[in-house]
Amino acid sequence: GAILHWDGKTWSDVAKALAPKMLYGVWGSGPKDVWAVGRSSELVRWDGQAWSKVDSGANNNLMGVWGSGPDDVWIVGGFGQDCVIRHWNGATFSPGKGACSAGLRSVWGSSKNDVWAVGDALPTSGILHWNGTVWSDVDNEVRTTLNGVWGSGPNDVWAVAKFSYAAGIFHWDGKKW
């Protein structure tokens, strides 16, 4: 794994000494708070000076990371029926409360109280939503494994799927997928 940084002129590997495993996702709240997640529970954090490994308590692949700020960061992962949702409160990680019964691949939110996670469709719908209190499985007609999620606000969320058996782009309009 490598972590590359663009300084306005060139890319450079900023984590050679850390030798991270294969990485799948990156997110940051600013130049002194960047997180990267990857294979075999790999979780690293940039503090503006150096990368360091962080223990999330997860024991599976970590696939996605998103936060609303330095004291509100979500990481997701897993595979099949092994689900990982962990929340960083600025000091420690804890498991997310609520539904989580399938591997997750991506996470995005519009605020602390509106976060979406997508992943494996069985045995759940493949879409989870955080309302600020609990994660819940969102009943929908998508029923396929989703690889990514992003939006511009609470009523404009997009999810994508591409596998040999199904492909598509799905949209949340605030009421339904």
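Residues numbered from 1 in each chain as written. Predicted model: local features only at pLDDT ≥ 70, side-chain atom pairs only at ≥ 80, totals over all residues. Heavy atoms only, no water.

Caption draft 1: How the structure looks around the overall build of the protein chain. Each helix and strand counted, the protein chain has 0 helices and 17 strands in total. Relative to the 2.2 N^0.38 estimate, which gives 16 Å for 177 residues, the radius of gyration of the protein chain is 16 Å and therefore close to what a compact globule would have. Expressed as lengths along the three principal axes of its C-alpha atoms, the size of the protein chain is roughly 45 × 35 × 30 Å. When burial is assessed residue by residue, the protein chain has 45% of its 177 residues classed as buried. Counting only contacts in the protein chain whose residues sit at least 6 apart along the sequence, the fraction spanning at least 24 positions is 32%. Between the averaged position of the 15 positive side-chain charges in the protein chain and that of its 16 negative side-chain charges there is a distance of 4 Å. (Helix = DSSP H or I, 4+ residues; strand = E, 2+ residues; numbered from the N terminus. Rg over C-alpha atoms; globule rule 2.2 N^0.38 Å. Buried < 20%, exposed > 50% of the residue type's maximum accessible area, 1.4 Å probe, protein only. Contact = heavy atoms within 4.5 Å. Lys, Arg positive; Asp, Glu negative; His and termini not counted. Charge placed at Lys NZ, Arg CZ, Asp CG, Glu CD.)

Caption draft 2: Looking closely at the pairing of strand β12 (residues 114–119). For β12, a buried count of 6 out of 6 residues is recorded, marking the element as mostly surrounded by other parts of the structure. On β12, burial covers both faces: Asp114, Trp116 and Val118 on one face and Val115, Ala117 and Gly119 on the other are all buried. Where strand β11 (residues 104–111) folds back on β12, the antiparallel hairpin that results is connected by 2 residues. The pairing of β12 with strand β13 (residues 127–130) spans 4 bridges and is classified as antiparallel. Note on β13: the bridge partner recorded for Val115 is Trp130. (Pairing = 2+ DSSP bridges.)

Caption draft 3: Structural detail: the sheet that holds strand β9 (residues 82–88). One open sheet holds the 4 strands; their spatial order is β7-β8-β9-β10, and the pairing between them is antiparallel. At either margin of the open sheet sits one strand with a lone partner, and together these are β7 (62–69) and β10 (93–95). Each strand of the sheet is rotated relative to its neighbour by a mean of 25°, with strand direction disregarded. As paired elements, β9 and β10 share 3 bridges and run antiparallel to each other. Pairing of Arg86 across the sheet is with Pro95, part of β10. (Axes fitted to C-alpha atoms, helices over the stretch in contact; angles between N-to-C directions.)

Caption draft 4: Quick look at the state of the cysteines. Within this structure, the stated rule accounts for 1 disulfide. Between the sulfur of Cys83 and that of Cys100 lies a disulfide, 1.5 Å long from S to S. One quick way to see it: the torsion about the S-S bond of Cys83 and Cys100 is about -85°, and its sign makes the bridge left-handed. Here the residue Cys83 occupies a position in strand β9, and Cys100 occupies one in the loop between β10 and β11, the gap between them amounting to 17 residues. Assessed through its relative accessible area of 29%, Cys100 is described here as partly exposed. (Disulfide = S-S within 2.5 Å.)

Caption draft 5: A look at the environment of Lys176. Tracing the backbone shows Lys176 in the segment after β17 (167–172). Classification of Lys176 as exposed rests on a relative accessible area of 55%. In sequence terms Lys176 and Met22 are 154 residues apart; their C-alpha atoms lie 35 Å from each other.

Caption draft 6: Molecular detail of the sheet that holds strand β6 (residues 51–53). Pairing in this open sheet of 4 strands is antiparallel, and the strands run β3-β4-β5-β6 from one edge to the other. Looking along the sheet, the strands with just one partner apiece sit at the ends: β3 (23–30) and β6. Adjacent strand axes in the sheet meet at a mean angle of 20° when their direction is disregarded. Taken together, the 3 bridges between strand β5 (residues 42–46) and β6 define a ladder with antiparallel strand orientation.

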